[in-house]
Amino acid sequence: MSGLDGAWTRRWIEAIAAEIATRKSELTALDRAIGDGDHGENLDRGFQAVLGKLDGLDDAPTPGAVLKLVATTLISTVGGAAGPLYGTAFLKAAMAAGDRPELDATGLVEVLTAARDGIVARGKAEPNDKTMVDAWGPAVEAAGAAGDDVRAVLEAAASAAAEGAIATEPLVAHKGRASYLGERAIGHRDPGAESTALILRVAADTQ
Amino acid sequence: MTVGLVIVSHSARIAEGVVELAAQMAAAVEIAPAGGTDGGGIGTSFDKVQAALTAADSGDGVVVLCDLGSAVLTAETALDFADDPERIRIADAPIVEGAVAAAVAAASGASLEQVLAAAQDQAPAAAQPATEQQDLSAPAPSAVAEIELANQHGLHARPAAELVRTASGFDAQVTVNGVDAKSMLRVLALGLDRGTVARFEATGAQATEAIAAIELLAADGFGES
């Protein structure tokens, strides 16, 4: 595969929706431990709404057009903090993708970087605050160092996000509902970091 | 026309309840609730926040009060999409107390920044220590009154709002028992009950007028007689 086109982007989003539908109870269980227990259901509602809108796109949409549709739909339908956070991430990603028909490795890193920056700007979380930033940060760093093959970039981002999500377990939360728990949050994985790892793993597995 | 308010809560009933409570003190202020998800569940809705911002803005701007974290994120996202983001301020304030204080300030015709300050309980400019603004050789006029609170509810809720509204109308620093009488939160925190003797002090160009107006207001039972 050379670059990632709009059709790939659409397959990726459809695969995210399917994976979240399968794993929503797991995400919600993580959130119930240290949050308000709705992360899986909220993301599922959002991505199911996205599925219903994908057919409204052009026959050959750009990656940016798909990402923008995801952004506006998530912002309106998710209902928890993940809505504005992922919504902003996809919106900034769409803006970075612009009207390019395909993303090469450099373009992909730009898109991932914009997504991370959007989340940081929206949520104002720092690394080690036990949030999705702890998955996005390492993912973007690894993606930038992975060379000029898009598959390698996707794989590097997915692996680093998964490690980042696991690394949230010993942390005390400083943002979100989990921050009310203090040391009781220790030992639990952050649900937002886990859903980030899921989204990026699905990207690496989407052909 | 006044500054409007938007109440963003995870719960539709909390948002509606806060609107009800704040509107009781400020009937003329446009206060719009944006609570719960589109499906009526617990969460926040971007679309509801957008609609409420439109409903509350009469042209003088909107102050937004939020409950928990993601309500703030949703409000900030809505702000990114707003046509006139410079007319919208998100208050860093407790949702109930902030909404009541902001509503009272808005009802008195305060500006967007003043309403925001009222919600956040930042002392408005007039509450700075007198010595900072005065020429010491020519002390500003001052006036004092000690008044027994005869009205049924003391300085709670609506009577407190009446006091804040009255005090805010004068070019003077006004205090009640040492706290800023233009701050709804400060006045409420005093918890002054019926029968208490409260000490009102004013300094500044209209100090005498302010105290006279407060004495009149007290004689009128702070609107409760």
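Remember, it's a predicted structure, so these values are computed and weren't measured experimentally.

Engineer: Whenever I open this one, the overall build of chain B confuses me. Can you help?
Structural biologist: On a plain count of helices and strands, chain B comes out with nine helices and eight strands. Here the C-alpha atoms of chain B give a radius of gyration of 19 Å, agreeing with the 17 Å that 2.2 N^0.38 yields for 225 residues. Every one of the 225 residues in chain B was classed for burial, and the buried ones make up 46%. Long-range pairs, those at least 24 residues apart, make up 75% of the contacts in chain B between residues at least 6 apart in sequence. In chain B, 10 side chains carry a positive charge and 30 a negative one; their mean positions are 5 Å apart.

Engineer: Whenever I open this one, the domain arrangement of chain B confuses me. Can you help?
Structural biologist: When the parts come together, some accessible area is lost, and that loss is often what is quoted as the size of the interface. All names here are of chain B. Taken domain by domain, chain B comprises domain 1 (4-120) and domain 2 (125-223). If you average the C-alpha positions of domain 1 and of domain 2, the two centres end up 28 Å apart. On inspection of domain 1 and its partner domain 2, the count reaches zero salt bridges. One can count zero residue pairs in polar contact (both at pLDDT 80 or more) joining domain 1 with domain 2. Counting only elements with at least two residues in the side of domain 1 that touches domain 2, the list comes to α1 (12-25), α4 (95-107) and α5 (112-120). For the side of domain 1 that touches domain 2, the element with the most residues is α4, which contributes five residues. Residues belonging to the side of domain 1 that touches domain 2 are distributed by class as follows: seven nonpolar, two polar and one charged.

Engineer: Honestly, helix α6 (residues 133-144) of chain A in this entry has me stumped. Any pointers?
Structural biologist: It helps to recall that an α-helix has 3.6 residues per turn; residues three or four apart then point in one direction. All names here are of chain A. Taking 1.5 Å of rise per residue, 12 residues should cover 16 Å, and α6 covers 16 Å from first to last C-alpha, within 8% of that figure. Those residues of α6 that sit buried are Val133, Asp134, Ala135, Trp136, Gly137, Ala139, Val140 and Ala143. Along its buried surface, α6 packs onto α4 (82-97), α5 (105-123), α7 (150-166) and α8 (191-205).

Engineer: Help me understand the interface of chain B and chain A in this model?
Structural biologist: Between chain B and chain A, the residue contacts involve 16 residues of the former and 16 residues of the latter. For the chain B and chain A pair, buried surface summed over both sides reaches about 1200 Å², with 54% attributable to carbon and sulfur atoms. Lys124 of chain A serves as the salt-bridge partner of Glu76 of chain B, at 3.3 Å between the closest nitrogen and oxygen. Summed over the shared surface of chain B and chain A, the result is six residue pairs in polar contact (both at pLDDT 80 or more). Looking at the side of chain B that touches chain A, the elements that each hand over two or more residues are α2 (46-56) and α3 (69-81) of chain B. Taken together, the residues of the side of chain B that touches chain A sort by class into five nonpolar, seven polar and four charged.

Engineer: What's the story with the sheet that holds strand β6 (residues 173-176) of chain B in this structure? I'm lost.
Structural biologist: Backbone hydrogen bonds hold the strands of a sheet together, and the pairing may be parallel or antiparallel. Residues and elements named next belong to chain B. Spatially, β5-β8-β6-β7 is the arrangement adopted by the four strands of the open sheet, whose pairing is antiparallel. Both edges of this open sheet fall to β5 (142-148) and β7 (179-180), since each of them pairs with a single strand only. Direction of pairing for β5 relative to strand β8 (residues 197-203): antiparallel, over a ladder of seven bridges. Among the inter-strand pairings, Ala145 is bridged to a residue of β8, identified as Phe200. Along the sheet, helix α9 (residues 207-219) makes contact with β5, β6 and β8, crossing β5 at roughly 10°.

Engineer: Can you help me understand a negative patch on the surface in this one?
Structural biologist: Residue and element names in this part refer to chain A. Taken together, the side chains of Glu102, Asp104, Asp148 and Asp149 present a region of like negative charge at the surface. Mapped onto the fold, Glu102 is located in strand β2 (residues 102-103). When its relative accessible area of 37% is taken as the criterion, Glu102 is described as partly exposed.

Engineer: Mind showing me how you'd approach the environment of Asp38 of chain B here?
Structural biologist: Relative to the elements of secondary structure, Asp38 of chain B occurs in the loop between β2 (31-35) and α2. Considered as a pair, Asp38 of chain B and Ala103 of chain B are 65 residues apart in the sequence and their alpha carbons are 26 Å apart. Those residues within four positions of Asp38 of chain B in sequence are excluded, and the remaining contacts are Ser76 of chain A together with Ser45, Asp47 and Lys48 of chain B. In terms of polar contacts, Asp38 of chain B uses its side chain to reach the side chain of Ser45 of chain B, at 2.7 Å.

Engineer: What am I meant to see in the pattern of salt bridges here?
Structural biologist: Oppositely charged side chains can form a pair if their charged atoms are brought close together. All names here are of chain A. Enumeration according to the criterion identifies 22 salt bridges over all chains in this entry. Notably, a salt bridge pairs Arg116 with Asp117, separated by 3.0 Å at the nearest N-O pair. Salt-bridge contacts for Glu194 lead to Arg189; the nearest nitrogen and oxygen are separated by 3.0 Å. With a relative accessible area of 9%, Glu194 lands in the buried category. Since its relative accessible area comes to 23%, Arg189 is described here as partly exposed. It is possible to trace a salt-bridge network through shared partners that takes in Glu19, Arg23, Glu26, Glu169, Arg189 and Glu194.

Engineer: I would appreciate a short explanation of the packing of helix α1 (residues 6-34) of chain A against helix α3 (residues 63-77) of chain A in the present structure.
Structural biologist: For any two helices packed against each other, one specifies the inter-axial angle together with the distance between the axes. Residue and element names in this part refer to chain A. The contact between α1 and α3 brings their axes to 7 Å, and the two run at 30°. One way to sum up the angle between α1 and α3 is to call them roughly parallel. Contacts from Gly6, Thr9, Arg10, Trp12 and Ile13 of α1 reach α3 at Pro63, Val66, Leu67 and Val70. Of the residues assigned to the contact of α1 with α3, the class counts are six nonpolar, two polar and one charged.

Engineer: Looking at this model, I keep getting lost on the environment of Arg165 of chain B. Mind explaining?
Structural biologist: All names here are of chain B. By secondary structure assignment, the location of Arg165 is in helix α7 (residues 157-168). You can call Arg165 partly exposed: its relative accessible area is 25%. Sequence spacing of Arg165 and Leu68 is 97 residues, and the spatial spacing of their C-alpha atoms is 30 Å. Contact partners of Arg165, with chain neighbours within four places excluded, come to Met25, Ala107 and Ser108. A distance of 3.1 Å separates a polar atom in the side chain of Arg165 from a polar atom in the side chain of Glu162.

The rules behind the values
Residues numbered from 1 in each chain as written. Chains lettered and ligands numbered in written order. Predicted model: local features only at pLDDT ≥ 70, side-chain atom pairs only at ≥ 80, totals over all residues. Heavy atoms only, no water. Helix = DSSP H or I, 4+ residues; strand = E, 2+ residues; numbered from the N terminus. Rg over C-alpha atoms; globule rule 2.2 N^0.38 Å. Buried < 20%, exposed > 50% of the residue type's maximum accessible area, 1.4 Å probe, protein only. Contact = heavy atoms within 4.5 Å. Lys, Arg positive; Asp, Glu negative; His and termini not counted. Charge placed at Lys NZ, Arg CZ, Asp CG, Glu CD. Domains from an automatic or database assignment. Salt bridge = Lys/Arg side-chain N within 4 Å of Asp/Glu carboxyl O. Polar contact = N/O pair within 3.5 Å; in protein donor to acceptor, adjacent residues only side chain to side chain. Nonpolar A, V, L, I, M, F, W, Y, C, P; charged D, E, K, R; others polar. Expected span 1.5 Å × (residues − 1). Buried area = accessible area lost by both parts, 1.4 Å probe. Pairing = 2+ DSSP bridges. Axes fitted to C-alpha atoms, helices over the stretch in contact; angles between N-to-C directions. Patch = residues over 30% accessible without salt bridge, like charges linked within 9 Å, V, L, I, M, F, W, Y side chains within 5 Å. Areas by Shrake-Rupley, 256 points an atom, 1.4 Å probe, with all protein chains shown as cover. Parallel < 35°, antiparallel > 145°, perpendicular 65-115°, else oblique.

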